[in-house]
Amino acid sequence: MSTEPNKNPPTHKLPTQPPREPTPEIQPPTTSKPSLNLLTSTTCPTTSPPKSPDPRNRDTPFFKSAQWTADGTTLLTLTSHPSIQTYVLPSTPSSPPLTPPHPNINPPLPEPTSSFSPSPYFSLSHPSTQYLLTATTDHPIHLTPIFSPASPPSPPSFDKTRNRILPPHHLPRTHFITGTTNLLALFDISRPDSLRSTPLLKIPTIPSTRHISKGNGIGMRGTVSALGLQPTGAGEGILAAGTWTRWVGLYDIYRSGSVIANFSVKSSADHEVGIKGKGVVQTIWSPCGRYLVVNERGSEGLLVYDVRGTHKLLGWLSGRDGTTNQRLGVDVFPDQNGNGFEVWAGTKNGTVVMYEGVGMNEEETKPTWGWGVNDGESAVGATAMHSSGSVLATCSGSWKVAEDDSSDEGSSDDSDSDSEDDSSSGKKPAFVVEETSLKVWSIDASNGTAAQEFEPLEGDVEEKE
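Bear in mind that the values here come from a model prediction, so they are computed numbers and not experimental data.

Draft legend 1. Here's a closer look at the overall build of the chain. The helix and strand inventory of the chain stands at 2 helices and 32 strands. The buried share among the 465 residues of the chain stands at 49%. Once local pairs closer than 6 in sequence are excluded, the contacts in the chain between residues at least 24 apart make up 53%. On the chain, roughly 23600 Å² of surface is accessible, and the fraction owed to carbon and sulfur atoms is 50%.

Draft legend 2. Structural view of the pattern of salt bridges. Applying the stated criterion across every chain yields a total of 3 salt bridges. Across the salt bridge formed by Arg 246 and Asp 270, the nearest N and O atoms sit 2.9 Å from each other. Within this pair, whereas Arg 246 is found in the loop between β14 (239-243) and β15 (247-252), its partner Asp 270 is found in helix α1 (residues 266-272), the two being separated by 24 residues in sequence. Here Arg 246 falls in the buried class, since its relative accessible area comes to 8%. Of the charged contacts, one joins Arg 255 and Asp 252 as a salt bridge, the two residues approaching to 3.3 Å between their closest N and O atoms. The class for Arg 255 is exposed, based on a relative accessible area of 55%. Overlapping salt bridges bring together Arg 246, Asp 270 and Glu 296 as one network.

Draft legend 3. The arrangement of the sheet that holds strand β4 (residues 84-88) in detail. Spatially, the 4 strands line up as an open sheet ordered β2-β3-β4-β5, and their pairing is antiparallel. Two strands close off the open sheet at either side, each with one partner strand: β2 (63-68) and β5 (104-105). Across 5 bridges, β2 lies against strand β3 (residues 74-79) in antiparallel orientation. Of the residues in β3, the one forming a bridge with Trp 68 is Leu 75.

Draft legend 4. Geometry of the side chain of Gln 85. Examined against the element boundaries, Gln 85 turns out to sit in strand β4. Given a relative accessible area of 0%, Gln 85 falls into the buried group. Within polar-contact distance, the side chain of Gln 85 engages the side chain of Tyr 87 at 2.9 Å.

Draft legend 5. Up close: unusual backbone geometry. Residue His 81 is joined to Pro 82 through a cis peptide bond whose omega torsion reads 5°. Tracing the backbone through its elements, the reader meets Pro 82 in the loop between β3 and β4.

What counts as what
Residues numbered from 1 in each chain as written. Predicted model: local features only at pLDDT ≥ 70, side-chain atom pairs only at ≥ 80, totals over all residues. Heavy atoms only, no water. Helix = DSSP H or I, 4+ residues; strand = E, 2+ residues; numbered from the N terminus. Buried < 20%, exposed > 50% of the residue type's maximum accessible area, 1.4 Å probe, protein only. Contact = heavy atoms within 4.5 Å. Areas by Shrake-Rupley, 256 points an atom, 1.4 Å probe, with all protein chains shown as cover. Salt bridge = Lys/Arg side-chain N within 4 Å of Asp/Glu carboxyl O. Pairing = 2+ DSSP bridges. Polar contact = N/O pair within 3.5 Å; in protein donor to acceptor, adjacent residues only side chain to side chain.

Encoded structure:
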């Protein structure tokens, strides 16, 4: 048998593969400059006469937070007095100019509060929907009418230990969720026994409060200071709860009524990214429900987590100076180009910064735009985006230690030295509110005068002199 190789190889050729197209890259956020119009603004009214004519005292109120109602017609604000004030705006708030809104002032709250929420089905044309949940320190949670302060409230009054409340937008409209020390609770006000303080569901955040180790390291120990419900249309959203001890817990309230995961944000904020923090004040989900933004008090940025996998840190938002004990809220909105989502945040220096493409970057994300709400006189406590995406409400105000009249030099920011001098002399430090305002802005408005442009930011926001 011949073993010679075949000298005439086959003439057919294998089909050639077409060249592989490169993977399309994610387009960076747009750099075009939208215009900005100030539609209207107002100052914080005084609900009661001050105890002293000297403005340098804590009797001068300022705006602490603001949020829109579900129908987008009304702004609810919380002041430092404390009281809740209601501002009704025109049906088309993006058309300037607007006259300064006149507040409808509800009765003053008995104690300071940082948690209130209107009904998720609020409608200005239906008085039966115009109710408000408030939770004040050492008092029961109350359900009161918004526009009828003279009429008696129709309350259920619940357990006075509740600290945070959240009426979920995607659960039945008769339910709301509360958080307190080592406990979450779900209430149903449609039940016949709803006037009692017994919740429909209780979820302890630690196994036991009796043991000396308070759960023996299992669970999420501490006072619940933030609640955020995942926006899903099926009504099966995950509840994200944050604590002053810098822990975040994910809970399945709707189906199993149990914990999904607990994790600490301390190592991520302090060591991985270096933005630090002093306790969670807000947990807010992205519009798609995939990412969780964690907002801490005294932090220099925001943390972004991807909850679909191992609940590890996805990235962080830098350049947002929140190094203050005051609560500074943020808001989110879908990105107009479909690249992630937008985050709007206020700073302690009187500016607002906006981030585009959040969720598309696994590392640091710097601010895309920013502008000054005031001249750096007070912190921006809240940014509330209208459901239309073209109107933004901001509220600003904060206390500062006043300068001594007897000294020719000094700064209101030098609070440590003033406090020490006053404590040694037995004199209480005086406080002053340099600026407080509620402003409504039109973004990229086609009409109006004196349009202000956003300034693109290369890095961190610089404090104005």
